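Now for the letters of each chain:
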Amino acid sequence: MLNSNEKPERITINLIGNKLGMRGFLEKHLEKMPLTKQYLDSVKESKRDFQLRGIK
């Protein structure tokens, strides 16, 4: 998603879930998957990070 040539999208847990076709599953069961939650929290972008990436 970071290296895509398409219009930039803010990387969020919902976007990742949509791309994988698992958004509902992640929304309902993420608390039961602490390692997955930890990883997703490490790769999601803040609003400011997204804005800076969009400028580049």
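Quick note: structure is the one above.
Residues numbered from 1 in each chain as written. Predicted model: local features only at pLDDT ≥ 70, side-chain atom pairs only at ≥ 80, totals over all residues. Heavy atoms only, no water.

Q: Can you tell me about the nonpolar core, naming the residues and giving the values?
A: Counting six residues, the largest nonpolar core consists of Ile11, Ile13, Ile16, Leu26, Leu30 and Leu40. Apart from the residues within four sequence positions on either side, Ile16 is in contact with Met1, Ile11, Leu40 and Val43. (Core = buried A, V, L, I, M, F, W, Y, C linked by side-chain atoms within 4.5 Å. Buried < 20%, exposed > 50% of the residue type's maximum accessible area, 1.4 Å probe, protein only. Contact = heavy atoms within 4.5 Å.)

Q: Can you lay out the environment of Pro34 for me, pointing to particular residues and giving the numbers?
A: Among the structural elements, Pro34 can be located in helix H3 (residues 34-43). On the accessibility criterion, Pro34 (57% relative accessible area) is exposed. (Helix = DSSP H or I, 4+ residues; strand = E, 2+ residues; numbered from the N terminus.)

Q: Describe helix H1 (residues 13-20), naming the residues involved and giving the relevant values.
A: When we look at burial in H1, the residues that qualify are Ile13, Leu15, Ile16 and Gly17. Close packing links the buried residues of H1 with helix H2 (23-29) and H3. Immediately downstream of H1, the backbone of Gly21 shows phi near 75°, a positive value.

Q: A description of the pattern of salt bridges should follow, citing residues and the corresponding values.
A: Tallied over the entire structure, the rule returns five salt bridges. In this structure, Glu27 and Arg23 form a salt bridge, with 3.0 Å as the shortest nitrogen-oxygen distance. In this pair, Glu27 and Arg23 are both assigned in helix H2, four residues apart and thus about one turn of the helix distant. By relative accessible area, which is 36% here, Arg23 ends up partly exposed. Residues Asp41 and Lys37 are paired through a salt bridge, measuring 3.2 Å at the closest nitrogen-oxygen approach. Remark: Lys37 and Asp41 occur in helix H3; sequence separation between them is four residues, near one turn of the helix. (Salt bridge = Lys/Arg side-chain N within 4 Å of Asp/Glu carboxyl O.)

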